[in-house]
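Each chain is listed here by its residues.
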Amino acid sequence: MVSKPYAISKQAVFEAYKRVRVNRGSAGIDGQSIEDFEKDLKGNLYKIWNRMSSGSYFPPPVKAVEIPKKAGGSRRLGIPTVGDRVAQMVAKMYLEPSIERIFHEDSYGYRPNKSAVDAIGKARQRCWKYDFVIEFDIKGLFDNIDHTLLMKAVEKHTNEAWILLYINRWLKTPFVTENGECVERASGTPQGGVISPLLANLFLHYAFDVWIIRHYPNAPFERYADDAIIHCDSEERAETLLRHLNKRLAECKLELHPQKTRIVYCKDKDRTGEYPTTEFDFLGYTFKKVFMKDRTGRLQFNFIPSVSKKSAKALREKVKQMEIHLMSGSKIEMIAERLNPVVRGWMNYFGKFNKSAMKFTLDCINRILVKWAMCKYKRFRGREHRAREWMREIAKREPNMFAHWTLMILP
């Protein structure tokens, strides 16, 4: 039996497939879904192992899909084929353990045992200690990562020839747009690829994390991929740091997003200075001065995170698009079954800090449910107060029927 030049185990390929299967995802350029791939699972996994082990694996083109941004414009996602996602997962499984060890504790994005909620919690604590925050976003990170600089970073952490070979090939794999145009790539790593988040984190580890620790050890930060904030003890320090950060990222061929980068004053009961910007958004939350009770029960201003207007509006729009009021042929249990997964996930994330900020949006969902009842039952037509009373009685009997009722957000 002829040995393969690269030692990749068949078990690793199978494990990679299981992880890809859990993540699901759309079909790539070949139109093959997970279900289609599984029709000849053994044969497809063997092909991937055989080609990767022999050095003859060449990634197929990446399907480019334009996703609208909430703030306008669009973001290009790259969707690899199912087979290529498995191949990328194999490389990620081999590479990630050695890289994960060197990442900074305040890098939270796409990492095992790290979450956006962790980043929000740490940011909240530091905003109480530091008066100023630099809010920044790197413009088009996944599209603009320099391949040469990235490969230098990868080479610092692995000498596995096959990993270097295939990462190089993945970086150069072209996009195919919806109209069939083939777009060559000279920079970036596709947002949507399995290995892309790991590579982006590695790039920013050296471009930002290591740099700021070395030059500004007293300015802690929280970073979630390309979305980050830095804490400073004075406006002067923040302005100086921001100038140097601009220069540093330019050296790494990256650019700060001009509309999403600014210096913010963390105004509260003890910090009463007048500054033009006193709130910022981070990971779906808005950090700002809020009038609320402290631990002793006194009402006063605190600088805390609450669900942002954008995040609240996004849920209301999503529920509105479900057109619950048109489902008059459905029982209320069926409405709950459809609505709860959406609302529960939103509540689980935005209910970690300042739960009361969710009330308006959850009240809007109650109004949608009341409207459904008025459409379903003739006796409630034109009698909103009766429909609301009926819904309230159900909430008292079945407080767990709808996810938001568990917070006593009743009709």
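Cut-offs applied
Residues numbered from 1 in each chain as written. Predicted model: local features only at pLDDT ≥ 70, side-chain atom pairs only at ≥ 80, totals over all residues. Heavy atoms only, no water. Helix = DSSP H or I, 4+ residues; strand = E, 2+ residues; numbered from the N terminus. Buried < 20%, exposed > 50% of the residue type's maximum accessible area, 1.4 Å probe, protein only. Contact = heavy atoms within 4.5 Å. Areas by Shrake-Rupley, 256 points an atom, 1.4 Å probe, with all protein chains shown as cover. Lys, Arg positive; Asp, Glu negative; His and termini not counted. Charge placed at Lys NZ, Arg CZ, Asp CG, Glu CD. Expected span 1.5 Å × (residues − 1). Bend = angle between axes of the 7 residues up to and from the residue. Pairing = 2+ DSSP bridges. Axes fitted to C-alpha atoms, helices over the stretch in contact; angles between N-to-C directions. Disulfide = S-S within 2.5 Å. Salt bridge = Lys/Arg side-chain N within 4 Å of Asp/Glu carboxyl O. Phe/Tyr/Trp six-rings, centres within 6.5 Å; stacked < 30°, edge-to-face > 60°. Core = buried A, V, L, I, M, F, W, Y, C linked by side-chain atoms within 4.5 Å. Patch = residues over 30% accessible without salt bridge, like charges linked within 9 Å, V, L, I, M, F, W, Y side chains within 5 Å.

Asker: Would you take a moment to explain the overall build of the chain for this structure?
Answerer: If you tally the helices and strands in the chain, you get 14 helices and 11 strands. In terms of overall dimensions, the chain has C-alpha extents of about 80 × 60 × 40 Å along its principal axes. The buried share among the 411 residues of the chain stands at 49%. The contacts of the chain with a sequence gap of at least 6 include a subset with a gap of at least 24, amounting to 66%. Carbon and sulfur atoms make up 50% of the accessible area of the chain, which totals about 21100 Å². The positive charge centre, built from 71 side chains, and the negative charge centre, built from 48, are 5 Å apart in the chain.

Asker: Is there a simple way to think about helix α12 (residues 332-350) in this case?
Answerer: Every α-helix carries 3.6 residues per turn, so stepping three or four residues along brings you back to the same face. The end-to-end C-alpha distance of α12 is 25 Å, a good match for the 27 Å that 19 residues give at a rise of 1.5 Å each. At Asn-340, α12 is deflected by roughly 40°, the largest bend along its length, and proline Pro-341 occurs up to four residues later in sequence. Taken together, the buried positions of α12 are Ile-332, Ile-335, Ala-336, Leu-339, Asn-340, Val-343, Trp-346, Met-347 and Phe-350. If you follow the buried residues of α12, they end up packed against β10 (285-293), β11 (299-307), α11 (309-321), α13 (359-376) and α14 (384-397).

Asker: Whenever I open this one, the sheet that holds strand β7 (residues 227-232) confuses me. Can you help?
Answerer: Two pairing modes exist for strands in a sheet, parallel and antiparallel, and in both the strands are linked by backbone hydrogen bonds. Strand order across the open sheet formed by four strands is β6-β7-β3-β8, with antiparallel pairing between neighbours. Strand pairing shows two members of the sheet lacking a second neighbour, β6 (221-224) and β8 (262-265), which therefore form its edges. Sheet twist, expressed as the average angle between the axes of neighbouring strands with direction ignored, equals 20°. Sheet contacts for helix α5 (residues 116-129): β3 (132-137), β6 and β7; angle to β6, the most-contacted strand, approximately 160°.

Asker: Where do I start with the state of the cysteines in this structure?
Answerer: Two cysteines joined by a covalent bond between their sulfur atoms form a disulfide. Counted by the stated rule, this structure contains zero disulfides. For Cys-266, which is in no disulfide, the shortest distance to another cysteine sulfur is to Cys-127 and amounts to 4.1 Å. Free cysteine Cys-375: the closest other cysteine sulfur is in Cys-364, separated by 17 Å. Overall, Cys-375 belongs to the partly exposed group, its relative accessible area being 29%.

Asker: Please clarify how helix α9 (residues 196-215) should be interpreted in this entry.
Answerer: The terminal C-alpha atoms of α9, which comprises 20 residues, lie 28 Å apart, in line with the 28 Å expected from a rise of 1.5 Å per residue. At His-205, α9 is bent by approximately 45°, the largest bend along its length. For α9, the buried fraction is high: 15 of the 20 residues fall into the buried class.

Asker: Before we go on, may I ask you to explain the pattern of salt bridges in this structure?
Answerer: Oppositely charged side chains may form a pair once their charged atoms are brought near each other. Across all of its chains, the model carries 19 salt bridges by this definition. One salt bridge in this structure joins Arg-24 and Glu-35, with 2.3 Å as the shortest N-O distance. One end of the pair, Arg-24, is in the loop between α1 (10-23) and α2 (34-38); the other, Glu-35, is in helix α2, with 11 residues separating them in the sequence.

Asker: Would you explain the packing of aromatic side chains in this entry?
Answerer: Each aromatic ring pair is specified by the distance between its two centres and by the angle formed by the two planes. Enumeration according to the criterion identifies 28 aromatic pairs in this entry. Ring centres of Phe-14 and Tyr-17 lie 5.9 Å apart, and the angle between their planes is 40°; on these two criteria the pair is classed as tilted. Within this pair, Phe-14 and its partner Tyr-17 are both found in helix α1, separated by three residues, close to a single helical turn. Where Tyr-110 meets Tyr-224, the ring centres are 5.7 Å apart and the plane angle is 50°; that geometry is what we call tilted. Of this pair, Tyr-110 sits in the loop between α4 (82-100) and α5 while Tyr-224 sits in strand β6; the two residues are 114 residues apart in sequence, bridging distant segments of the chain.

Asker: Help me out: how do you make sense of unusual backbone geometry in this one?
Answerer: The phi angle of most residues is negative, glycine excepted, and most peptide bonds adopt the trans form. Even without being a glycine, Asn-113 presents a positive backbone phi close to 60°. Looking at the secondary structure, you find Asn-113 in the loop between α4 and α5. Since its relative accessible area comes to 79%, Asn-113 is described here as exposed. A positive phi angle, close to 55°, is found at Leu-283, a residue other than glycine. Turning to its location among the elements, Leu-283 is positioned in the loop between β9 (280-282) and β10. According to the relative accessible area criterion, Leu-283 is buried, its value standing at 15%.

Asker: What exactly am I supposed to notice about the nonpolar core here?
Answerer: Met-52, Val-86, Phe-136, Ile-167, Ile-230, Leu-241 and Leu-245 are the most contacted members of the largest nonpolar core, which totals 67 residues. When residues of this core are assigned to their parent elements, the largest contribution, 10 residues, is made by α9. Each residue touching Ile-167, except ones within four places of it in the same chain, is listed here: Leu-95, Met-151, Val-154, Ile-195 and Leu-199. Among the nonpolar cores identified, the runner-up in size contains 50 residues, and Leu-283, Leu-315, Ala-336 and Val-343 belong to it.

Asker: Mind showing me how you'd approach a positive patch on the surface here?
Answerer: A contiguous patch of positive charge, built from Lys-69, Arg-75, Lys-260 and Lys-310, is present on the exposed surface. You can see Lys-69 is positioned in the loop between β1 (62-68) and β2 (74-79).

Asker: Looking at this structure, how should I read the sheet that holds β2?
Answerer: Spatially, the four strands line up as an open sheet ordered β2-β1-β4-β5, and their pairing is mixed. The open sheet has two free edges, formed respectively by β2 and β5 (182-183), since each of these has just one partner strand. In terms of strand pairing, β1 meets strand β4 (residues 175-176) through two bridges, oriented parallel. Note that in β4 the partner of Val-62 across the bridge is Phe-175.

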